[in-house]
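Inside the fold
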Amino acid sequence: GSGKSQYFRGTIDGGNHCVSGIDMDMGNRSNNFYYGFFSYLYNSSVKNLAIKGLAYFYIEDAAYPDTYLGGLAGYAESCSFENVSTDVSIYYYREKTNNFEYVINIGGVIGKAYKSLFKYCDNYASVYVTFGTRSTEYYKSGVVFVGGITGDEYGSKYICCANHSPVLYASVKGSCNTSNNHGIRIGGIVGNTGYATLIQSCCNNAQSLTGKSSISS
């Protein structure tokens, strides 16, 4: 799918099979940016499935102010995931920015989750995010959320999940005209948590977890 307007809704039981050889790139996108094996999942159930592959995105212009990117899906709303594993290495580079409000949500499994349930979910791949390659980049605001399972989330539950990433890395550079809405939030399970989040019996085994911010306001 190419975005929220073409979401997937249904039930997938992978039967403990693995979908491998996935190669994601930017393709032809405009406005809000949802990307993964699925772009947007709504009221769906996914279980007993493994995903392996590569996601590489190099954005050299100022478009796509919002990004939702995950190994399985860019966005998940009112979904359940059980016994799902991802091994999709993610490389996201945004070279140029402009006077926009940017929100970058990137997770090993899901970019952003809303009121969803994760049980026995694992991520094995690294995530590299670079937002603004020069200190002269300018934008209204810019927040980068990076997590081993989800980048950002609201009202979701994580039970017996684990992140095994060799590397979780995020770097932000530039100039921002607001003092309270920029920077990096990075975590082994979830990068940023919202209301009523439950994280229970989860484990982060990332070998390296790094957030570098060089922003003037």
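Quantities reported herein were computed from a predicted structural model and do not represent experimental measurements.

What counts and what doesn't
Residues numbered from 1 in each chain as written. Predicted model: local features only at pLDDT ≥ 70, side-chain atom pairs only at ≥ 80, totals over all residues. Heavy atoms only, no water. Helix = DSSP H or I, 4+ residues; strand = E, 2+ residues; numbered from the N terminus. Buried < 20%, exposed > 50% of the residue type's maximum accessible area, 1.4 Å probe, protein only. Contact = heavy atoms within 4.5 Å. Phe/Tyr/Trp six-rings, centres within 6.5 Å; stacked < 30°, edge-to-face > 60°. Pairing = 2+ DSSP bridges. Axes fitted to C-alpha atoms, helices over the stretch in contact; angles between N-to-C directions. Polar contact = N/O pair within 3.5 Å; in protein donor to acceptor, adjacent residues only side chain to side chain. Salt bridge = Lys/Arg side-chain N within 4 Å of Asp/Glu carboxyl O.

This part is about the environment of G107. For G107, the location among the structural elements is in strand 8 (residues 101-107). Using a relative accessible area of 0% as the deciding quantity, one classes G107 as buried. Along the backbone, G107 and T150 are 43 residues apart, and their C-alpha atoms lie at a distance of 4.2 Å. Leave out the neighbours within four places in its chain, and G107 touches L69, G70, G71, I90, G147, G148, I149, T150 and G151.

Let us now look at the packing of aromatic side chains. Scanning the model with the defined rule gives 19 aromatic pairs in all. Between Y68 and Y75 the ring centres are 5.5 Å apart and the planes differ by 65°, which places this aromatic pair in the edge-to-face class. Per residue, the accessibility class of Y68 equals that of Y75, and both read buried. One aromatic cluster is present, built from ring pairs that chain together Y34, Y40, Y68 and Y75.

Read from one edge to the other, the open sheet built from 5 strands follows the order 3-6-9-15-20, with strand pairing classed as parallel. A strand with exactly one partner marks an edge of an open sheet, and here the two such strands are strand 3 (38-42) and strand 20 (190-192). Put simply, the sheet's adjacent strands are angled 20° from each other on average, direction ignored. Summarising the sheet, strand 15 (residues 150-154) and strand 20 pair through 2 bridges and their orientation is parallel. For T150, the partnering residue across the bridge sits in strand 20 and is V190.

A positive phi angle is found at K115, which is not glycine, with a value near 50°. Here K115 lies in the loop between strand 9 (110-114) and strand 10 (117-119). Non-glycine residue S201 carries a positive phi angle of around 55°. Along the polypeptide, S201 turns up in the loop between strand 21 (198-200) and strand 22 (203-204). Accessibility expressed as a relative area gives 56% for S201, which makes it exposed.

With respect to burial, strand 5 (residues 66-70) is a largely interior element, 5 of its 5 residues being buried. Here 3 bridges tie strand 2 (residues 33-35) to strand 5, and the two strands are oriented parallel to one another. Paired with Y35 across the two strands is L69, which belongs to strand 5. When strand 5 meets strand 8, the two strands line up parallel, connected through 5 bridges. The partner of D66 across the bridge, within strand 8, is V103.

Let's shift gears to the side chain of R94. Its location among the elements puts R94 in strand 7 (residues 80-94). Among the polar contacts made by the side chain of R94, one reaches the side chain of T67 at a distance of 3.4 Å.

What the rule picks out here adds up to 1 salt bridge. A salt bridge links D152 to K112; the shortest N-O distance between them is 3.6 Å. Residue D152 is found in strand 15, and its partner K112 is found in strand 9; the two are separated by 40 residues along the sequence.

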